[in-house]
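Analysis of the macromolecular model
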Amino acid sequence: MNAVTDIPPQELATGDRRRQAFEANKLSKKLHRQVGQAIADFNMIEAGDKVMVCLSGGKDSYALLDVLLSLRERAPIPFDLVAVNLDQKQPGFPAHVLPQYLQSRGVPFHIEDQDTYSIVKKLVPEGQTMCSLCSRLRRGILYRVASELGASKIALGHHRDDMVVTLLMNMFFGGRLKGMPPKLASDDGRHVVIRPLAYVAETDLERWAAYRQFPIIPCTLCGSQDSLQRVQIKAMVRDWERQYPGRTDNMLHAMGHVVPSHLMDPRLHPFRTLKAAGQPDPGGDIAFDDDEACASPASAQLLPIRVERG
Ligand code: SF4
């Protein structure tokens, strides 16, 4: 049983409190290390950047802001943070929660009021998923706000599991080997979007949110739900992770170790003009070895490639 719980510290016995503090400290170090590593690996934040942190009121974006705030304190380079929430006017949205929290953290923030909820409700027929239009509208608004605030980077709270699930969704339902990148240029070509939680497991964010007691705003206010496909893939990934710990990290690691010559995209590898080079290639093909086809789960587990550092 994990000692980082959502039971308030004052309600725990002394021994439990000590154990909880120990576990929380360990988790805090892990989160800071993983976020710092992702920032460094992809050069996400540079000196003088103004990073706009998008806050939805969910656990992921709270954790993102929380970790970035403390990393900034000890970062070797100066950068600014500004938190932004888009109030989409969903029924029941508790508009006071985020301003109160952000004031208590002493972080500059901006709340953008835009009734995208009504637009989406009007345009999307009843019973159809609203997320695609909703996200498109939200993206456009956030890019505009980033320009108005003079932000050089836009930080989103997507984490490791989001990235792996997206990869699998694209493979299973889209026929494309395409994931969710840790850093990208926005589609309007004017911003750089970063995902500093790229190495962080969702379960760790859940534990951190419970420990820090973030004032979570439920994400079901719009009445829409994740698609059944996404729900299924998420459950599958969690189930695999339970059965074979490390598998999700391995999949994430694979996204950073692509071997185009062993895939099938002629735009990435010159299959059509390929000729024997006349020289042995030690890292080359092992077409006649059967380890690729026969790699058993047991042998695969002998080679755990972990993204998680430490
Ligand atoms: S869940 Fe609701 S708020 Fe989120 S993208 Fe879908 S429609 Fe928009």
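In what follows, the accompanying structure is described. (Residues numbered from 1 in each chain as written. Predicted model: local features only at pLDDT ≥ 70, side-chain atom pairs only at ≥ 80, totals over all residues. Heavy atoms only, no water.)

Structural notes on the nonpolar core
Within the largest apolar cluster, 48 residues are counted, with the highest numbers of intra-cluster contacts made by V35, I45, V51, V53, L65, L68 and L102. Not counting chain neighbours up to four residues away, the residues in contact with V51 comprise I45, F79, D80, L81, V82, K153, A155 and I194. (Core = buried A, V, L, I, M, F, W, Y, C linked by side-chain atoms within 4.5 Å. Buried < 20%, exposed > 50% of the residue type's maximum accessible area, 1.4 Å probe, protein only. Contact = heavy atoms within 4.5 Å.)

Observations concerning the environment of E46
Within the fold, E46 resides in the loop between α1 (14-41) and β1 (50-54). Residues E46 and I77, 31 residues apart in the sequence, show an inter-C-alpha distance of 7.2 Å. In this structure, E46 is in contact with I77, P78, F79 and K153, ignoring residues within four places of it in sequence. (Helix = DSSP H or I, 4+ residues; strand = E, 2+ residues; numbered from the N terminus.)

Examining the packing of α1 against helix α2 (residues 59-74)
Between α1 and α2, the least distance of the axes is 10 Å, while the angle of their chain directions is 75°. Between α1 and α2, the interaxial angle falls into the category roughly perpendicular. Contacts between α1 and α2 involve L31, H32, V35, G36 and I39 from the former and V67, L68, S70, L71 and R74 from the latter. Tallied by class, the residues present in the contact of α1 with α2 amount to 6 nonpolar, 3 polar and 1 charged. (Axes fitted to C-alpha atoms, helices over the stretch in contact; angles between N-to-C directions. Parallel < 35°, antiparallel > 145°, perpendicular 65-115°, else oblique. Nonpolar A, V, L, I, M, F, W, Y, C, P; charged D, E, K, R; others polar.)

Let's talk about helix α9 (residues 247-255)
Residue pairs spaced three or four apart in an α-helix point in one direction, given the helix's 3.6 residues per turn. Turning to α9, its buried residues number three or more, namely T248, D249, M251, L252 and H253. Where α9 is buried, its residues meet α6 (160-174) and α8 (228-243).

Observations regarding the pattern of salt bridges
In total, this model carries 22 salt bridges according to the counting rule given. For D66, the salt bridge identified is with R105, shortest N-O distance 2.6 Å. Of the two residues, D66 sits in helix α2 while R105 sits in helix α3 (residues 97-105), which places them 39 residues apart along the sequence. By relative accessible area, D66 is classed as buried at 4%. Between D204 and R207 there is a salt bridge, with its nearest N and O atoms 2.9 Å apart. Taken as a pair, D204 and R207 lie in helix α7 (residues 202-212) at a separation of 3 residues, close to a single helical turn. This pair shows no difference in class: D204 is buried, exactly as R207 is. (Salt bridge = Lys/Arg side-chain N within 4 Å of Asp/Glu carboxyl O.)

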